[in-house]
Amino acid sequence: MTMTYIDKTPRTRQSRRRIARLTMDLWLPLAAVALTVAIAAVRPQLLDPGNIAAVLKSFSVMAVMVLGLTWVIAAGKIDVSFMQVAALANMICAFALAHGWGWGASICASIAAGLLVGLVNGWLVAAMRLPALIVTISTAGICASIAAALGKGTVIRIAEPGPFAPLLRPVLGGTVPPVVFVVLILAALAWYVQERLTMGRYIYALAQNEAAVRTVGVPVVGLTVLLFAVSGVCAAMAGVLLAEHLASGQPMIGGPYLINGLTVVLLGGMMVRVGKPNILGTLTATLFLGVLFSGAALLGLPDYQRQIIQGALLVLGLIVATLAARHHGAKEHHDGA
């Protein structure tokens, strides 16, 4: 009698890989849910319609602001001017309205300013080969100075609501502002480009080996300029939303968004594509951070404790991104050998 032995090891390994992959994809959404449940158990006000609407408005502004930044960092670059571009667009919108331009012209001027800053950033980084960090620190300073000059260091009030006002009024029982759906549509388009089109593969490839991408004929300069331009436009759109939401232009509004933006992009890079910033990860991390900040306020945590938590999350994202890049480089070296 012949005994047949079936090796189940490959199947077991495959199942483990699937579980590990699923865990990596879902850990941040699950963490957001767990955080919400834990805080709501202590402070039920977290789930009040007004608080949910406030969290979702904050989520929408931040998500729009960092959609383009996600692409820039996924390509191995950095843009630390995005928050001051938003502040500049915010002030341009308010300044133009105060001088009788009307909402349409004011919005166009604001977005044009963001596009111009993005094009300048991209050209200096890609064509002039200047360090992205130094370039965007410089343009951030210029944007902040112009924003302050427009209002002479003070807030510019906006008297009349604009076309985005209905998008910020909560519906569905006063919990969901319609702007959330607009943001999700924009994010879906950005996700499709990054994950399904050739351009997305080039974005990821730039972070790994720019020289190789250039060798195969990809217009690296044009692509890099485009990425920074998209980042500038997204930041400017967020600035316009802030002008509508706050009914004012505030020159100092950009400061807090620097750490917040970098945190959500790098933290989001810890799911789906580990070590690679991606749209789904950024959206999830933005919502996670929104719940965390709202819960911290309800729990009465002082600002310094919140900043410690946020700083730890940022460092964690940087560590994962660095380790993933080293692992990828070591794998390429092994494959080449």
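Criteria and cut-off values
Residues numbered from 1 in each chain as written. Predicted model: local features only at pLDDT ≥ 70, side-chain atom pairs only at ≥ 80, totals over all residues. Heavy atoms only, no water. 1 Å grid on protein atoms, 1.4 Å probe; cavity = no way out; pocket = protein on both sides within 12 Å on 5 of 7 lines; lining within 4 Å. Points joined across faces, edges and corners; volume = space filled by probe spheres on them. Helix = DSSP H or I, 4+ residues; strand = E, 2+ residues; numbered from the N terminus. Nonpolar A, V, L, I, M, F, W, Y, C, P; charged D, E, K, R; others polar. Core = buried A, V, L, I, M, F, W, Y, C linked by side-chain atoms within 4.5 Å. Buried < 20%, exposed > 50% of the residue type's maximum accessible area, 1.4 Å probe, protein only. Contact = heavy atoms within 4.5 Å. Phe/Tyr/Trp six-rings, centres within 6.5 Å; stacked < 30°, edge-to-face > 60°. Lys NZ or Arg CZ within 6 Å of the ring centre and 35° of its normal. Expected span 1.5 Å × (residues − 1). Salt bridge = Lys/Arg side-chain N within 4 Å of Asp/Glu carboxyl O.

Draft legend 1. Empty space enclosed by the protein, seen in detail. Applying the stated criterion across every chain, the model contains one cavity of 30 Å³ or more. One number sums up the size of the largest cavity: a volume of about 30 Å³. The set of elements that each furnish at least two residues to the lining of the largest cavity consists of α4 (103-126), α9 (210-215) and α10 (220-246). Here the element with the most residues in the lining of the largest cavity is α10; it accounts for three residues. Partitioned by chemical class, the residues of the lining of the largest cavity number four nonpolar, one polar and three charged.

Draft legend 2. A look at the nonpolar core. With 85 residues, the main nonpolar core has M65, V66, L227 and Y257 as its most contacted residues. Residue contacts for M65: discarding those within four places in its chain leaves F82, M83, A86, C234, A235, A238, L242 and Y257.

Draft legend 3. Local environment of the packing of aromatic side chains. Scanning all chains against the criterion turns up zero aromatic pairs. One cation-aromatic arrangement involves K276 over Y204; the distance from NZ or CZ to the ring centre is 5.6 Å. Lying over the aromatic face of F293, R306 brings its terminal NZ or CZ to 4.6 Å of the ring centre.

Draft legend 4. A look at unusual backbone geometry. Positive phi outside glycine occurs at K152, with the angle close to 50°. Structurally, K152 is set in the loop between α5 (132-150) and β1 (156-157). K152 sits in the exposed class, given a relative accessible area of 76%. Positive phi is not limited to glycine here, since L172 has a value of about 55°. Relative to the assigned elements, L172 resides in the loop between α6 (165-168) and α7 (179-196). Look at L172 and you get exposed, because its relative accessible area is 62%.

Draft legend 5. Up close: the environment of F181. Here F181 is to be found in helix α7. Assessed through its relative accessible area of 42%, F181 is described here as partly exposed. Taking the C-alpha atoms as reference, F181 lies 9.0 Å from S60; in sequence the two are 121 residues apart. Discounting residues that sit within four places of it in the chain, F181 has contacts with L172 and V176.

Draft legend 6. Molecular detail of helix α12 (residues 279-298). Taking 1.5 Å per residue as the helical rise, α12 with its 20 residues ought to reach 28 Å, and the 29 Å between its terminal C-alpha atoms agrees with that figure. α12 sits mainly inside the fold: 16 of its 20 residues count as buried. Backbone geometry just downstream of α12 places G300 in the positive-phi region, at approximately 80°.

Draft legend 7. Structural detail: the pattern of salt bridges. Within this structure, the stated rule accounts for two salt bridges. For the salt bridge of K77 with E210, the shortest nitrogen-to-oxygen distance reads 3.0 Å. Remark: E210 occurs in helix α9 and K77 occurs in the loop between α2 (49-74) and α3 (82-98); sequence separation between them is 133 residues. Taking relative accessible area as the criterion, K77 reaches 22% and is therefore assigned partly exposed. The exposure class assigned to E210 is partly exposed, which follows from its relative accessible area of 24%. Residue R214 pairs with E210 through a salt bridge whose shortest N-O separation is 2.8 Å. Pair noted here: R214 and E210 are both in helix α9, with a separation of four residues, about one helical turn.

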